[in-house]
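# Analysis of the macromolecular model
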Amino acid sequence: VTVNGPTTVHVGTPAQYTATVVEASNQLLANQAVTWSITPGAGTISATGLYTPPAAVPAGNQVTVTAVSTQTPTVSGALQLALLDPVPVITSATATAQGTNYLLDVQGNGFLQGAALLIGGQPVVTTQISAEELQAVTAADGAQQISVMVQNPNPGATQSGAVTVQLAAPQTTATAAARLLDQATFGPTELTIEHVERVGLQGYLDEQFAASPTYLPALPAQPPAQCSPESITTVCVRSNWFNNALTANDQLRQRVALALSEIWVASSYNGYMITPYANLLVKDAFTNYRQIMQDMTLSPNMGYFLNMLNSPAAPAGQIANENYGRELMQLFTMGPDLLDEDGTLKTDSSGNPIPAYSELQVEAMARALTGWTYANADGSTPSNFIFTPNWNHPMVPTGLRHDASAKTLLNGVTLPAGQSATNDLTDALDNVFNHANVGPFVCKQLIQRLVAGNPSPAYVQRVAAVFADNGYGVRGDMKAVISATLLDPEARANDTLTGDELETSPAVQSGHLREPALWAVNVARGLNATVANPTAAYPLVNMGGQLVAIGEPPFGALTVFNFFPPDYVIPQTTLLAPEFGLENTGSVIPRLNMANYIMHNSASGLAVDFTAAGTLGSKAGDAGALVDYLGMIFMHSQMPTNMRTAIVDYISAVPASDATDRAGLAAYLLVTSSQYKIMH
Amino acid sequence: MAAGGSALGLHPFGAMNALAQTTTDYRALVCVFLFGGNDSNNMLVPFDTTGYGNYANLRGPIALGRSALLPLTPTPEFALHPNLPEVRALYNSGKAAFLTNVGTLIQPMTRAQYLANQGTRPSNLFSHPDQQLEWQNQAVSGRTSTGWAGRTADRMNVRYNAGAQIPMICSLDGDTLFCNGESTQPVAMGTNGAIPPYCADGKYCPSRLQQAQQLATFSSGVSLVQADNETTSNAYQYNNILMNALGSVPALQTQFPTSGGNPFGAQLKQVAQMMQVHAALGVKRQIFFVGGGDFDTHGAQMEIQAILLSQLSPALGAFYSATEELGLANQVTTFTCSDFSRAFQPNSSNGSDHAWGGHHIIMGGAVKGGQMYGTFPTLALGGPDDSDKNGRWIPTTSSAQYAGTLAQWFGVSTADLPYVLPSLSNFSQSNLGFLG
């Protein structure tokens, strides 16, 4: 009996064996039937000679297949086969950029313990995720694609077929990525810089526009112990806010919401008022400015702050409350003087500014906005003004208290007598929304909050044009406005410069002082800070006090004029720099002191890992590497040489064994420097 | 000041006086800015039967009750808001005066001129930020980047404060246009006073401080970095100087009302402490800026203004006492400013809306007190002083004249007046005479 078939068999792959039975004369026996068996019993063999290997290769991988003649059982034949590891199969392979490297992720089956990825035929250090997934990190060496195989270990060292994986080229540089993140988020991190490099600036914005919103959680009905009584519940909300700013994935939305809260300023007296108001801004950040006008105007928090809430038609001897009507135009939409589309003042023949509205128009706007009160607890409309707060529902109209006389608003638009409170409000907001000032007025402030305090008129004009028409005939499209703000050539002009080029000849004299709250979150994110006690309720309540100390508790401006004015010019210069309204010899030191707290994990509720094993500490042995890493995170890899040299020299004098001190001192010097405080 | 005015004439701290009088040539102005637009119609109220009756009739729900008003002895036809007892005592004892219906004006203006849109009027009347800035900058037109105190320092600093360790002007309420000059800048200080940079880096603290300060000396081609470097360097320097100076003197004995977040009490206390060390700091002329907000009483005016004035009055009283304790009462003049006053006609939220001219308090030993200056407006809607029909008074005295009187007392020369107050020459009276 002669046995025919493969002499090597891979686990997972059955093998067919056949037998030939001959007489001594070499003539085929009429009866070719045989009985199959194997020794040792590794796997099974069927009556037709189909060998099914065992699930894994046994210790000795040799198996003997024996066929015994049925007619003459004394006659038999055998063949020895070697059992080998299974053949790995790749079903998919992707390469995801990680900074200058790629993470190669290979999916399939039959990946044994010890399986290795081969790139271009060469094995690389491989991480086994499961029998179906392997990963490896490989440097990007400029190749457009790589050939990938999986090789199982011995016995057999069997290889899969080769798969070609396309490598996405970086879409932008680390510097450009970090600059965009500084402008569009609460600050770059190592991971987000790497991510933006790969997906590009527009790609990142598109991702962010699609990210689901993160809202402030509602406070419990009774003030929590961490912020009781009700009047200090703002502290808990600021804990929630800081946590969202630090950790939320919808960073662009959160950042724009903060910017909007500095246009639509409504300083709240307690946290129950802030939370729904702030969440409206989060909800509306990517909608339309008209929607923002609607929601802010009907916010009971705003209504309370600027007296539109329960503002009635005036009885004889009194006038309608002008507060909201005036500031709606002056601060939230138009500004007091007529503007060209580039945000500069229109002037009369004598060179003087031209008022955008008259006192009479303020009075008319005030009358148009009368008649609104709190909704009932169930959201229904009461029949007359009520004084039981409902902060969670838009204000509602009571026809009873609305001044239904005719009003002459902007651009000659007249609201006829007899209109409802709702119709008057709709028409009045439309009237304001369509005023030519709104685009330049709003866009300039968004640019100031996100990118630059002193944008060129041309920059303002380009964004305002998008406000006027997003390209599809829509006015006020926030996504289009935000994209135009962040991707404008002036916003991107310094992306390509080195630190020293930026110092000596910046493409644009641009940038702005990080406002205090932004600076605080920027620092925390850049240091990968986490919440020290994440299971505690409101673990960042101390941050609320810290933000007060440095001058900017969000949603807590002292007046409707925000923490600083949009038209602030640094004394003795012509530099328009709103945030410098908060920067003076009395306010600098508290910010230094907050940096000191953060570097020592005290009084902030945050935890930053400065140990030798941490991200910073592990680099601290090489002062230059440590400073360069911090420079990448905090200064877009654009730290000027003289600053780098000074900090490296200083850190080098600290013993390398004091990794924690080195890391903390370097970070302190960097984040307290004017070079960092000015985002540029 | 628990005993009201009874202690005002006393000088209970003679030893301190002798100490402080080592510098005889010293003068200070203290601006107390009432942010938001104080309704001075309810600060200084007609008290005679006819006048009060007219007031009460027009003000309706925001009229103060006559019985609660504080009558003024030297001018019995007027009374003060019930929560101004310390101010009344100062006025009655001749240490305070009122300037009535003063406001932003570029040139004199009548109702007829205003309604006919004749003459140059201040830009953006009734707008908070614009009117705050115009009170502070006293420019001829529009906005300038300097304030009248800053320009005063430009001209007086070298003459009086040569060798001083700190600027002539100190703000206790952050950055304000009032304080900025063309060639001089203020020092700003929080109500906690000068504070050191905290350091938890143990043995590395001295070198960290030195290194951080050194970084701020690097010149930068990025304008904003350069500007922030300068502010940062000044902050290190001034805080250090003030920490040392203020740490070397005993605490003032005068008690200031600082509880309940009283911004005036807390800030004026710091001002008094700074004055205490003026000799050590080498300053013979100083201007201070103090501010407090929430005067924008569009609603619930009776409640809100009552609270605010109850903070202001004892703070002013304590501050005057402190200047007596320091022996500087005759050398310090304190004055109020505000965005504007408020419409005489109430709105339908028990509040009042933005207006224009209003009344102000001037306090100090040099004040020819117990008198009202300026012209009290005719309290009639659509009347001769009304800019329209709601009782928004057209000022009959310019804030430039107000500032001019203060500046001349402070020592601004006639030659320098046009630089400091360029619109002053548009008015016939450059000195209102309330300072001796």
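Preceding this paragraph is the structure being described.
Let me sum up the structure you'll find in this document. The structure presented is a predicted model; accordingly, all values stated were derived computationally and were not measured.

## Quick look at the overall build of chain B
A tally of regular secondary structure across chain B gives 13 helices and 12 strands. Taken against the 2.2 N^0.38 rule, which gives 22 Å for 436 residues, the C-alpha radius of gyration of chain B at 22 Å falls within 12% of a compact globule. On the principal axes, the C-alpha backbone points of chain B span a range of 75 × 50 × 40 Å. Buried positions account for 62% of the 436 residues belonging to chain B. Long-range pairs, those at least 24 residues apart, make up 75% of the contacts in chain B between residues at least 6 apart in sequence. Carbon together with sulfur atoms contributes 51% to the accessible area of chain B, which is approximately 14,400 Å² in total. If you average the places of the 20 positive and of the 25 negative side-chain charges in chain B, the two averages end up 5 Å apart.

## A look at the side chain of A:Thr672
Residues and elements named next belong to chain A. Relative to the elements of secondary structure, Thr672 occurs in the loop between α21 (659–671) and α22 (674–677). Relative accessible area serves as the criterion here: at 7%, Thr672 is assigned to the buried category. A distance of 2.7 Å separates the side chain of Thr672 from the backbone oxygen of Tyr668, its partner in a polar contact. A polar contact is formed between the side chain of Thr672 and the backbone oxygen of Leu669, at a distance of 3.5 Å. Those residues within four positions of Thr672 in sequence are excluded, and the remaining contacts are Leu592, Ala595 and Lys677.

## Points about the state of the cysteines
Taken as a whole, this structure holds two disulfides over all chains when the rule is applied. Covalently, A:Cys227 is tied to A:Cys236 through a disulfide, its sulfur atoms 2.0 Å apart. Negative torsions about the S-S bond denote left-handed disulfides, and the value of about -110 degrees found for A:Cys227 with A:Cys236 makes this one left-handed. Like A:Cys227, the residue A:Cys236 is buried in the burial classification. Two residues share a disulfide in this structure: B:Cys199 and B:Cys205, whose sulfurs sit 2.1 Å from each other. Classification of the bridge connecting B:Cys199 and B:Cys205 rests on its S-S torsion, roughly -90 degrees, and on that basis the disulfide is left-handed.

## Observations concerning the side chain of A:Asp424
The residue A:Asp424 is located in helix α10 (residues 421–433) in this model. Among residues more than four places away in sequence, those in contact with A:Asp424 are A:Ala368, A:His402, A:Asp403, A:Lys407, A:Leu415 and A:Gln419.

## Thoughts on the interface of chain A and chain B
Where the parts come together, the accessible area they lose is often given as the size of the interface. Counting from both sides, the interface comprises 70 residues of chain A and, opposite them, 66 residues of chain B. Interface area for chain A against chain B, summed over the two sides, is near 5,600 Å², with a carbon-plus-sulfur share of 55%. The largest share of the area that chain A buries against chain B comes from A:Ile319, A:Gln572 and A:Thr585, three residues that together contribute 12% of it. The tally of links between chain A and chain B comes to five salt bridges. The shortest N-O distance in the salt bridge between B:Arg392 and A:Glu363 comes to 3.3 Å. Across the contact surface, chain A and chain B share 41 residue pairs in polar contact (both at pLDDT 80 or more). A total of seven residues in the side of chain A that touches chain B trace back to one element, the largest contributor, which is helix α18 (residues 588–599) of chain A. Its residues assigned to classes, the side of chain A that touches chain B comprises 34 nonpolar, 24 polar and 12 charged.

## Quick word on the packing of aromatic side chains
Aromatic ring pairs are described here by two measures, namely the spacing of the ring centres and the angle between the planes. Considering all chains together, one arrives at 31 aromatic pairs over all chains under this definition. Ring geometry for A:Tyr324 against A:Phe332: centres 6.1 Å apart, planes inclined by 50 degrees, an arrangement best described as tilted. For A:Phe332, a relative accessible area of 0% gives the class buried. Aromatic rings pair up to connect B:Phe33, B:Phe35, B:Trp135, B:Trp148, B:Phe178, B:Phe289, B:Phe335, B:Tyr373, B:Tyr402 and B:Phe434 into one cluster. Positioned over the ring face of A:Tyr668 is B:Arg208, at 3.5 Å from the centre of the ring.

## Points about the sheet that holds strand β2 (residues 8–10) of chain A
Residue and element names in this part refer to chain A. If you trace the four strands from one edge of the open sheet to the other, you get β2-β9-β8-β5, paired in mixed fashion. Each edge of the sheet is formed by a strand with only one pairing partner; in this case those strands are β2 and β5 (34–39). Strand after strand, the sheet turns through a mean of 30 degrees between neighbouring axes, direction not considered. Where strand β8 (residues 62–69) lies against strand β9 (residues 76–84), seven bridges are found, and the strand directions are antiparallel. Residue pairing in the sheet places Thr64 in a bridge with Gln80 of β9.

## Some words on α18(A)
Residues and elements named next belong to chain A. Between its first and last C-alpha atoms α18 spans 17 Å; for 12 residues at 1.5 Å apiece the expected length is 16 Å, and the two agree. In terms of burial, α18 is a largely internal element, 11 of the 12 residues being buried. Restricting attention to buried positions, one finds in α18 the residues Val588, Ile589, Pro590, Arg591, Leu592, Asn593, Met594, Ala595, Asn596, Ile598 and Met599.

## Brief notes about the nonpolar core
Ranked by internal contacts, the top residues of the largest apolar core, which has 167 residues, are A:Trp241, A:Phe242, A:Trp264, A:Tyr289 and A:Leu527. Counting residues per element, this core draws most heavily on α21(A), which supplies nine residues. Contacts of A:Leu527, omitting those with residues within four sequence positions, involve A:Ile598, A:Met599, A:Val608, A:Phe610, A:Leu616, A:Leu630, A:Phe634 and A:Ala667. Within the second largest apolar cluster, 57 residues are counted, among which are B:Val187, B:Phe295, B:Ala322 and B:Met363.

## Topic: the environment of A:Val608
All names here are of chain A. Here Val608 shows up in the loop between β24 (606–607) and α19 (623–635). Using a relative accessible area of 6% as the deciding quantity, one classes Val608 as buried. For the pair Val608 and Pro276, spaced 332 residues apart in the sequence, the C-alpha separation amounts to 31 Å. With residues up to four places along the chain from it excluded, the contact list for Val608 reads Leu527, Ala529, Ile598 and Asn601.

## Re the pattern of salt bridges
All told, the structure shown has 29 salt bridges over all chains when counted by the stated rule. A salt bridge links A:Arg326 to A:Glu322; its shortest N-O distance comes to 3.4 Å. What makes A:Arg326 buried here is its relative accessible area of 3%. Its relative accessible area of 1% is what places A:Glu322 among the buried residues. In this structure, B:Arg285 and B:Asp25 form a salt bridge, with 3.0 Å as the shortest nitrogen-oxygen distance. Taken together, the residues span a long stretch of sequence, with B:Arg285 in strand β8 (residues 285–292) and B:Asp25 in the loop between α1 (14–20) and β1 (27–34) at a distance of 260 residues. A cluster of three or more residues bridged by salt bridges with shared partners is formed by A:Glu322, A:Arg326, A:Glu359, A:Glu363, B:Asp388, B:Lys389 and B:Arg392.

## So, the pairing of strand β5 (residues 96–103) of chain B
Residues and elements named next belong to chain B. Most of β5 is tucked away, with eight of its eight residues classed as buried. In this structure, β5 lies alongside strand β10 (residues 358–363), joined through five bridges in antiparallel fashion. Bridging across to β10, Leu99 finds its partner in His360. The sheet contact formed by β5 and strand β12 (residues 397–398) spans two bridges and is parallel. In the strand pairing of β12, Gly103 is matched with Ser398.

Calculation notes
Here the residue index of a chain counts from 1 through its sequence in written order. For naming, the first written chain is A and the first written ligand is 1, with later ones following in the order written. Reporting in this predicted model follows two pLDDT cut-offs: at least 70 for local features of residues, and 80 or more for side-chain atom pairs to be given and counted; totals over whole chains, interfaces and linings ignore these cut-offs and use all residues. As a rule here, side-chain values come from all non-hydrogen atoms in the structure, and water together with hydrogens is ignored. In this text, helices come from DSSP runs of H or I with a minimum length of four residues, and strands from runs of E with a minimum of two, each type numbered from the N-terminal end. With the radius of gyration taken over C-alpha atoms, the globule rule is written as 2.2 Å times the number of residues to the power 0.38. Exposure categories follow from relative accessible area, calculated using a 1.4 Å probe and restricted to protein chains: below 20% of the type maximum is buried, above 50% is exposed, and the middle band is partly exposed. Only heavy atoms matter for contacts: two residues are in contact if any of them lie within 4.5 Å across the pair. Throughout, the Shrake-Rupley method with a 1.4 Å probe supplies accessible areas, and for residues the shown protein chains are the sole cover considered. When charges are counted, Lys and Arg are positive and Asp and Glu negative, with His and the chain ends excluded. Charge coordinates come from a single atom per side chain, which is NZ of Lys, CZ of Arg, CG of Asp or CD of Glu. Two N or O atoms count as a polar contact when they lie within 3.5 Å, although within protein this holds only if one can serve as hydrogen donor and the other as acceptor, and sequence-adjacent residues are included solely when both atoms are side-chain atoms. A pair of cysteine sulfur atoms is labelled a disulfide when the two atoms are within 2.5 Å. The term buried area denotes the loss of accessible surface (1.4 Å probe radius) that occurs when two parts are joined, taken as the sum for both partners. Throughout this description, the term salt bridge denotes a Lys or Arg side-chain nitrogen within 4 Å of a carboxyl oxygen of Asp or Glu. Gly is placed with the polar residues, together with every amino acid not listed as nonpolar (Ala, Val, Leu, Ile, Met, Phe, Trp, Tyr, Cys and Pro) or charged (Asp, Glu, Lys and Arg). Stacked, tilted and edge-to-face are the three classes applied to pairs of Phe, Tyr and Trp rings, where Trp contributes its six-membered ring and a pair requires centres within 6.5 Å; stacked means planes under 30 degrees apart, edge-to-face means over 60, and tilted covers the rest. By definition, being over a ring means that NZ of Lys or CZ of Arg is both within 6 Å of the ring centre and within 35 degrees of the ring normal. Should DSSP find at least two bridges between two strands, the strands are taken to pair. Lines are fitted to the C-alpha atoms to define the axes, a helix being fitted only along its stretch in contact, and any angle between axes, read from their N-to-C directions, falls within 0 to 180 degrees. The span you would expect from a helix comes to 1.5 Å times its residue count less one. Buried Ala, Val, Leu, Ile, Met, Phe, Trp, Tyr and Cys residues form a nonpolar core when they are joined through side-chain atoms within 4.5 Å.

Any functional reading would require information beyond the geometric quantities listed.
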